[in-house]
Amino acid sequence: MRIYRASNYEELSRKAANIISSQVILKPDCVLGLATGSSPIGTYKQLIEWYKKGDLDFSQVKTVNLDEYRGLGKESDQSYVYFMHHNLFDHINIKPENINLPNGKNPDAVAECKRYDGVIESMGGVDIQLLGIGRNGHIGFNEPAPSFERNTHCVDLTESTIEANKRFFASADDVPRQAYTMGIGSIMMAKTVLLIASGKDKAEAIKNTIQGPITPECPASVLQLHRDVIIVADDDALSLVD
């Protein structure tokens, strides 16, 4: 596990973007695992800037996203497919057929999760998986639970996650209560995992991820077992780490 300290969110975003851009340059047809939420927005802005300067080419890149709200489709401006197009895809030269997210509009959870696992497998796996982290240590929408979920699955969101995400909606009542998410096993199969964290509200989760026991009660703690994990975090997020 490699840990890179940043003094602020802007520096964190540049460092994370550097790691992702290196992957794209070294392997132009790489598979990027992407995340949503507020944490990666700065990273995506930096990647867009370098693309517009001619430093990056995404024409051969394939992507798979971690998750999607169940019940939301691309027509919803709160869906993650909308988020990704608005914050990244619409500003770079990635091919539409190379973009993959769970289909939140598929009401058959078993079929959709099986389909998405097949998509990831057909690509040969993920080269680098970008992750944010929740205050309770969740990665993707893998919430604290009695055991680690292996594959893509439908999850009931915890109240703390709903509370954290309500800022993107008109009210907490509008936040979907379920989501499709890659499982811990899917995340752990990525060749490299890049986790980013900013702010004091993530400090406890980062401490437990790095120094705590490996437990499904803090899903991110399983990353201690991964062969190639990079954590980029700012001073506030690292403030409780010895």
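Higher on the page you've got the structure.
The paragraphs below set out a description of the structure included in this document. (Residues numbered from 1 in each chain as written. Predicted model: local features only at pLDDT ≥ 70, side-chain atom pairs only at ≥ 80, totals over all residues. Heavy atoms only, no water.)

1. Looking at empty space enclosed by the protein
Selection criterion: Site definitions follow a grid-based scheme: protein atoms alone, a 1 Å grid, a 1.4 Å probe that fits but cannot get out for cavities, and for pockets an open set with protein on both sides within 12 Å along at least five of seven lines, plus lining residues having an atom within 4 Å of a point. Grid points are joined across faces, edges and corners, and a volume is the space filled by probe spheres set on the points. Helix numbers and strand numbers start at the N terminus; a helix is a DSSP run of H or I with at least 4 residues, a strand a run of E with at least 2. Throughout this entry, Asp, Glu, Lys and Arg are counted as charged residues, while Ala, Val, Leu, Ile, Met, Phe, Trp, Tyr, Cys and Pro are counted as nonpolar. The remaining residues, Gly among them, count as polar.
In this structure the tally under the stated criterion is one cavity of 30 Å³ or more. In this structure, the largest cavity spans a volume of roughly 50 Å³. Forming the boundary of the largest cavity are L32, L34, Y44, L47, F58, V61, T63, L88, F89, I92 and I94. Where the lining of the largest cavity is concerned, the elements lending two or more residues are β2 (31–34) and α2 (41–52). The class makeup of the residues in the lining of the largest cavity is ten nonpolar, one polar and no charged.

2. Quick word on a nonpolar patch on the surface
Condition: What goes into a patch is any residue over 30% in relative accessible area without a salt bridge, connected to like charges within 9 Å or, for nonpolar side chains (Val, Leu, Ile, Met, Phe, Trp, Tyr), within 5 Å. Areas reported as accessible are Shrake-Rupley estimates using a 1.4 Å probe. Residue values count occlusion only from the protein chains shown. Take a side-chain nitrogen of Lys or Arg and a carboxyl oxygen of Asp or Glu: if they are within 4 Å of each other, that pair is a salt bridge. Burial classes follow relative accessibility: with a 1.4 Å probe on protein chains only, a residue under 20% of its type's maximum area counts as buried, one over 50% as exposed, and anything between as partly exposed.
A contiguous nonpolar patch, built from F148, I214 and L225 and spanning about 270 Å² of accessible area, is present on the exposed surface. Relative to the assigned elements, I214 resides in the loop between α7 (203–211) and β10 (229–234). Classification of I214 by relative accessible area gives partly exposed; the value is 38%.

3. Things to note about helix α3 (residues 80–87)
Put simply, the rule is: Regarding the arc, it is the one traced by the directions from the helix axis to the C-beta atoms. The contact rule is simple, with two residues in contact once any of their heavy atoms fall within 4.5 Å. Polar contact criterion, stated in full: a pair of N or O atoms within 3.5 Å, where within protein one must be able to donate a hydrogen and the other to accept it, and residues adjacent in sequence count only if both atoms are side-chain atoms.
Along α3, the residues classified as buried are Y80, V81, F83, M84 and N87. Looking down the long axis of α3, one finds its buried residues gathered within 160 degrees of arc, a one-sided arrangement. Along its buried surface, α3 packs onto β2, α2, β3 (62–65), β4 (67–69) and α5 (159–165). Among the residues of α3, the N-terminal cap falls to S79, whose side-chain oxygen and the backbone nitrogen of Y82 are separated by 3.2 Å.

4. Looking at the state of the cysteines
Applicable threshold: Throughout, disulfides are identified as pairs of cysteine sulfur atoms within 2.5 Å of each other.
All chains considered together, the criterion is met by zero disulfides. The structure places no disulfide on C113, whose sulfur is separated from the nearest cysteine sulfur, that of C154, by 6.4 Å. A relative accessible area of 7% places C113 in the buried class. In this structure C154 comes out as partly exposed when scored by relative accessible area, which is 26%.

5. Brief notes about helix α4 (residues 109–122)
Because an α-helix completes one turn every 3.6 residues, residues spaced three or four positions apart along the sequence face the same direction. Heads up, the rule is: Multiplying one less than the number of residues by 1.5 Å gives the expected span of a helix.
Between its first and last C-alpha atoms α4 spans 20 Å; for 14 residues at 1.5 Å apiece the expected length is 20 Å, and the two agree. Those residues of α4 not exposed but buried are A109, E112, C113, Y116, D117, V119 and I120. Taken around the axis of α4, the buried residues stretch over an arc of 155 degrees, which confines them to a single face. Among the exposed residues of α4, those pointing more than 90 degrees away from its buried face are V110, K114, E121 and S122. Residues of α4 that are buried sit in contact with β3, β5 (99–100), β7 (153–156), β8 (178–181) and α6 (184–188). At the N-terminal boundary of α4, the capping side chain belongs to D108, with an oxygen 3.3 Å from the backbone nitrogen of V110. With its phi angle positive at about 85 degrees, G124 sits one or two positions after the end of α4.

6. Observations concerning the pairing of β7
Remember that side chains alternate between the two faces of the sheet whenever the strand is regular. Worth spelling out the cut-off: Between any two strands, at least two bridges found by DSSP are needed for them to pair.
Residues H153 and V155 of β7 are buried on one face, while the alternating residues C154 and D156, pointing to the opposite face, are not. Bridge count between β7 and β8: four bridges; the pairing is antiparallel. Among the inter-strand pairings, C154 is bridged to a residue of β8, identified as Y180.

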